Amino acid sequence: MTQPDLSTATYDLLTRIAGALERLAPPQVPTPDFEAADAFVWHTAPTRFEPVPRVNRVEMDLLQGIDRVRDQLVENTERFARGLPANNALLWGARGMGKSSLVKAAHAAINRTAPKDGPRLKLVEIHREDIETLPALMGLVRGSAHRFIVFCDDLSFDSDDTSYKSLKAVLEGGIEGRPDNVIFYATSNRRHLLPRDMMDNERSTAINPGEAVEEKVSLSDRFGLWLGFHKCSQDEYLAMVAAYVAHHALPVAEEAWRPLALEWATTRGSRSGRTAFQFVQDLAGRHGVTLKPA
């Protein structure tokens, strides 16, 4: 009986082990091509920056009733794009008042006036459920010649969710900290991003209630710029509708669309920019008009 070739057997074993380890290892992230677009969506399965050829956005002059917060965010974004100090921003408040629209409009406005041959300002959207991968995202954009707004829409955390700690570390803490070429913008209906009952429960069960609540509230403190969006008045709502009607050149006189717009808002129990746009979509459809793309 011939003796087995131990060197060959060992080689085959090591080859199988190496193959198994390779299959278990996470796939290598391809080098991002940030010249492909001005906006990207961050995906994690597999990990990649997906270019967005055309951003779904609203023109800046159509965002009515938010002049003060609009000017603050645009100024902050412009400073960041020029390489000057700027703050992470939390846009919080009433639904449908243009929080996410303002972020996208500010990004477009800054790039519109940027030098043609200079680095572009990039917008990267990260989904709420992928917040824990934020360190990986920032590691890939660190060192790029471009500057990045990392944007999370409708950011909030449930009572049993601990991923907010990752966000806290990335925004201000950690050894590396936030890259100089990255700023983080988020929108939320909550000012403190965490449910009130969560903070109340922490207060009631903690040895030192004040410290427990501080731990929860400190997440919002990582945002240097807080911009509040509040419900609009009837006049502001009608001004929003009028701006959309004029922008899309709808062939309807104000005395005709005004009572319809008021009825539309009443039946929905809401006056907001979103409600105004939804009314204008309905109005345009009934008159056979195609809305202009942004």
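These numbers come from a predicted model, not from an experiment.

S.K.: Explain the overall build of the protein residue by residue, including any values.
M.R.: A tally of regular secondary structure across the protein gives 10 helices and 7 strands. With 294 residues in all, the protein has 41% of them scored as buried. Sequence-distant contacts in the protein: of pairs separated by 6 or more residues, those separated by 24 or more amount to 77%. Carbon and sulfur atoms make up 51% of the accessible area of the protein, which amounts to about 16300 Å² in all.

S.K.: Please set out the layout of surface pockets residue by residue, giving values where relevant.
M.R.: Volume-wise, the largest pocket comes out at about 750 Å³. Taken together, 35 residues form the lining of the largest pocket, with Val58, Ser100, Ser101, Tyr244 and Phe277 sitting closest to its centre. Residue assignment for the lining of the largest pocket shows that the elements contributing at least two residues are α3 (99-112), β6 (182-188), α8 (234-247) and α10 (273-286). Residues of the lining of the largest pocket, tallied by class, amount to 12 nonpolar, 13 polar and 10 charged. Lining of the second largest pocket is provided by 16 residues; of these, Asp38, Val55, Arg57, His107 and Ala108 occupy positions nearest its centre. At 5 residues, the largest contribution of residues to the lining of the second largest pocket is made by α3.

S.K.: Please give an account of the side chain of aspartate 130 that cites residues and values.
M.R.: Considering the arrangement of structural elements, one finds aspartate 130 in the loop between β4 (121-126) and α4 (134-141). The contacts of aspartate 130, once residues within four sequence positions are left out, are Trp42 and Thr44.

S.K.: Break down the packing of helix α2 (residues 67-81) against α3 for me, with residues and values.
M.R.: Following both chains from N to C, one finds α2 and α3 inclined at 45°, their axes separated by 10 Å at the closest point. In terms of orientation, α2 and α3 fall into the oblique class. The handedness of the crossing between α2 and α3 is right-handed. Contacts from Val69, Arg70, Leu73, Val74, Thr77, Glu78 and Ala81 of α2 reach α3 at Leu102, Val103, Ala106 and Ile110.

Conventions used here
- In this numbering scheme, every chain counts its residues from 1 along its sequence in written order.
- The predicted origin of the model limits local features to residues at a pLDDT of at least 70 and limits the giving and counting of side-chain atom pairs to 80 or more, whereas totals for whole chains, interfaces and linings rest on all residues.
- Water and hydrogen atoms were dropped before computing side-chain values, which therefore reflect all heavy atoms in the structure.
- Secondary structure elements follow DSSP: runs of H or I no shorter than four residues count as helices, runs of E no shorter than two count as strands, and numbering proceeds from the N terminus.
- When a residue's accessible area, from a 1.4 Å probe over protein chains only, is under 20% of the maximum for its type it is buried; when over 50% it is exposed; and in between it is partly exposed.
- It only takes one pair of heavy atoms within 4.5 Å for two residues to be counted as in contact.
- Surface accessibility in these figures is a Shrake-Rupley result with a 1.4 Å probe; residues are shielded only by whichever protein chains are displayed.
- Cavities and pockets are defined on a 1 Å grid built over the protein atoms alone: a cavity is a set of grid points where a 1.4 Å probe fits but cannot escape, while a pocket is an open set with protein on both sides within 12 Å along at least five of seven lines, and lining residues are those with an atom within 4 Å of any such point.
- Grid points are joined across faces, edges and corners, and a volume is the space filled by probe spheres set on the points.
- Amino acids are sorted into nonpolar (Ala, Val, Leu, Ile, Met, Phe, Trp, Tyr, Cys and Pro), charged (Asp, Glu, Lys and Arg) and polar (every other residue, Gly among them).
- Axis definition: a line fit to C-alpha positions, over the contact stretch in the case of helices; interaxial angles, taken between N-to-C directions, run 0 to 180 degrees.
- When an angle is under 35 degrees it counts as roughly parallel; over 145 it counts as roughly antiparallel; between 65 and 115 it counts as roughly perpendicular; any other value is oblique.
- Put simply, a crossing is left-handed when the front helix is turned counterclockwise from the back one by less than a right angle, and right-handed when it is turned clockwise.

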